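Remarks on the overall topology
Each chain, written out:
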Amino acid sequence: MYKLFFNLVFKRMDPEQAHHLAFRWIRLAARVPVLRTFVAAFLAPRYRELRTEALGLRMHGPFGLAAGFDKNAVAIDGMSMLGFDHIEIGTVTGEPQPGNPKKRLFRLVPDRALINRMGFNNEGSATVAERLAARKAVFRTTVGVNIGKTKVVPEAEAAADYVKSTERLAAHADYLVVNVSSPNTPGLRNLQATESLRPLLTAVREAADRSVPGRRVPLLVKIAPDLADADIDAVADLAVELGLDGIIATNTTIAREGLGLRSPADLVKETGGLSGAPLKERSLEVLSRLYARVGDRLVLIGVGGIENAEDAWQRILAGATLVQGYSAFIYEGPFWGRAIHKGLAARLATSPYATLAEAVGAETRKKAAA
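To start, this report covers the structure provided alongside it. Residue positions are counted from 1 within each chain, in the order its sequence is given. Restriction of local features to residues with pLDDT of at least 70 applies here, the model being predicted, together with a cutoff of 80 or more for giving and counting side-chain atom pairs; totals for whole chains, interfaces and linings are based on all residues. Side-chain metrics in this entry use all non-hydrogen atoms of the structure; hydrogen atoms and water are not considered.

Some words on the pairing of strand β7 (residues 142-148)
Buried means the residue's accessible area, taken with a 1.4 Å probe over protein chains only, is under 20% of the maximum for its type, while exposed means over 50%, and partly exposed covers the values in between. In DSSP terms, a helix is any run of H or I states spanning at least four residues, a strand is any run of E spanning at least two, and both are numbered starting from the N terminus. Counting buried residues in β7 gives seven out of seven residues, a clear majority hidden from the surface. Neither face of β7 is left uncovered, since the one carrying Thr142, Gly144, Asn146 and Gly148 and the one carrying Val143, Val145 and Ile147 both have all their residues buried. A pair of strands is treated as paired once DSSP finds two or more bridges between them. With six bridges connecting them, strand β4 (residues 86-93) and β7 associate as parallel partners. Across the sheet, Ile89 pairs through a bridge with Val145, a residue of β7. Two strands pair when backbone bridges link them, and β7 and strand β8 (residues 175-179) are joined in this way by four bridges, in the parallel orientation.

Structure, rendered in structure tokens:
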């Protein structure tokens, strides 16, 4: 039914307009008590065997919503109602900004992919912090906060900008993510170099600890799939050295060659980050490499190209404790979370693993031992 609706309505609309329309419907449904209870009961079934502990947090399952969908923390309950076990909001910047000029979001339907050059459009960390502080949760869910650099802030002053957001948002976050991997903010990806990343992460860690005395807010870094293998290893080693809690692998890619894209050339050549199915293979490679490097010392979150339960299961076997999705939600619709959970539970039941935690990294460990 959703695919028919997508083809008849959403596919004919500007992608950003369609996003806002769907977003509005989700938020409205979550405000109606009886309706949201009915929707959650159907779309967000709970499987005891999928219960997950990660980052010192207990979650209903491992499947979450990646950053980028709910930039301003306005639909946390709505997305939880649709079956996401954790919601990562943002990316939030120190100051509000409109993002890049429109048109800036493109569907590559034959490739089940998206290209975006949104440019961190958001209301800024002060407004988002106020919204989170005032939030009265309807559904119990884990809320991650993804922070990035304000576009007008020079690269040399990036750490101070991240610290500003951290001081405002850390108290309201179940975990924090430092985003240095979006291709749509000039100079941002330069911060992935370890000589820049070390002082940045150190400053954010210290700011989080100052802002929330008595509670250690888990801190993760999100990396790009376009990093060379040596740079992935360097980031992994740095994360362990600094005592980070995890790494998210991966953000969108600027690559186009070698992905077998079938969409029209005028769409493929649009600048911005490519997400969705074409990212699947590389994101899985990066995840496996990270797990082989860090093992269980860090929590790894797999994202990029996850379309179905089999994709999520492969990320878990590769080393992901948690998995996230976004682009496939556009193509699969509101039943997506239900299908992912049902499929994961079925795969676990027929696997040799007694628990989901036991399955994490099993395939990568097997390859290392071979």
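Moving on from the coordinates now.
As for the environment of Leu227
Mapped onto the elements of the fold, Leu227 is located in the loop between β9 (219-223) and α8 (229-242). Leu227 sits in the buried class, given a relative accessible area of 12%. Apart from residues lying up to four places away in sequence, Leu227 is in contact with Gln192, Ile232, Val235 and Arg282. A contact between two residues is defined here by any heavy atoms of the two lying within 4.5 Å.

Looking at the side chain of Asn146
If you trace the backbone, Asn146 turns up in strand β7. Judged by its relative accessible area of 0%, Asn146 falls in the buried class. Here a polar contact is recorded for every N or O atom pair within 3.5 Å, except that within protein the pair must consist of a potential hydrogen donor and a potential acceptor, and residues adjacent in sequence are included only if both atoms are side-chain atoms. One polar contact links Asn146 to Asn179, side chain to side chain, over a distance of 3.5 Å. Aside from chain neighbours lying at most four places away, what touches Asn146 is Ala67, Glu88, Ile89, Gly90, Thr91, Val92, Val177, Asn179 and Lys222.

Considerations on helix α13 (residues 336-349)
The terminal C-alpha atoms of α13 lie 20 Å apart, and with 14 residues this matches the ideal 20 Å at 1.5 Å per residue to within 8%. Every buried residue of α13 is accounted for by Trp336, Gly337, Ile340, His341, Gly343, Leu344, Ala345 and Leu348. Those residues of α13 hidden inside the fold are in contact with α3 (33-43), β3 (63-65), α11 (309-318), β13 (322-325), α12 (327-332) and α14 (356-359). Expected span of a helix, by definition, is 1.5 Å for each gap between consecutive residues, and there is one gap fewer than residues.

Describing the packing of helix α7 (residues 194-211) against α8
To describe two helices that pack against each other, one gives the angle between their axes and the distance between the axes. Working convention: axes come from line fits to C-alpha atoms, limited for helices to the stretch in contact. Angles between N-to-C directions cover 0 to 180 degrees. Contact pair α7 / α8: the axes reach a minimum separation of 11 Å and the direction vectors enclose 30°. The angle between α7 and α8 places the two elements in the roughly parallel class. The handedness of the crossing between α7 and α8 is right-handed. Facing α7, whose interface residues are Thr194, Leu197, Arg198, Leu201 and Thr202, α8 presents Ala234, Val235, Leu238, Glu241 and Leu242. When residues are sorted by character, Ala, Val, Leu, Ile, Met, Phe, Trp, Tyr, Cys and Pro go into the nonpolar class, Asp, Glu, Lys and Arg into the charged class, and all the rest, Gly among them, into the polar class. Looking at the contact of α7 with α8 residue by residue, the classes come out as six nonpolar, two polar and two charged. To sort the angles, those under 35 degrees are grouped as roughly parallel, those over 145 as roughly antiparallel, those from 65 to 115 as roughly perpendicular, and the leftovers as oblique. Two helices that cross are described as forming a left-handed crossing if the nearer one is turned anticlockwise from the farther one by less than a right angle, and a right-handed crossing if clockwise.

Looking at the packing of α8 against helix α10 (residues 280-294)
The contact between α8 and α10 brings their axes to 10 Å, and the two run at 45°. Between α8 and α10, the angle is such that the two are oblique. Crossing angle aside, the handedness with which α8 passes α10 is right-handed. Taking contact as the criterion, the partners of Asp229, Ile232, Asp233, Ala236, Asp237 and Val240 in α8 are, on α10, Arg282, Val286, Arg289, Leu290, Arg293 and Val294. In terms of residue class, the contact of α8 with α10 is built from six nonpolar, no polar and six charged.

A look at the packing of aromatic side chains
Any two rings among Phe, Tyr and Trp, with Trp reduced to its six-membered ring, count as a pair given centres within 6.5 Å; such a pair is stacked if its planes are under 30 degrees apart, edge-to-face if over 60, and tilted if neither. Applying the stated criterion to the full structure yields 16 aromatic pairs. Seen from their ring centres, Phe69 and Phe329 are 5.4 Å apart, and the 70° between their planes marks the pair as edge-to-face. Linking Phe69 in the loop between β3 and α4 (76-81) with Phe329 in helix α12, this pair joins segments that are 260 residues apart in sequence. Seen in terms of ring centroids, Trp313 and Tyr353 are 6.5 Å apart; in terms of plane orientation they differ by 50°. Their pairing is tilted. Of the two residues, Trp313 sits in helix α11 while Tyr353 sits in the loop between α13 and α14, which places them 40 residues apart along the sequence. When its relative accessible area of 7% is taken as the criterion, Trp313 is described as buried. Residue Tyr353 is classed as buried on the basis of its relative accessible area of 16%. Three or more aromatic residues joined by ring pairs make a cluster, and in this case those are Phe23, Phe63, Phe69, Phe84, Tyr326, Phe329 and Trp336.

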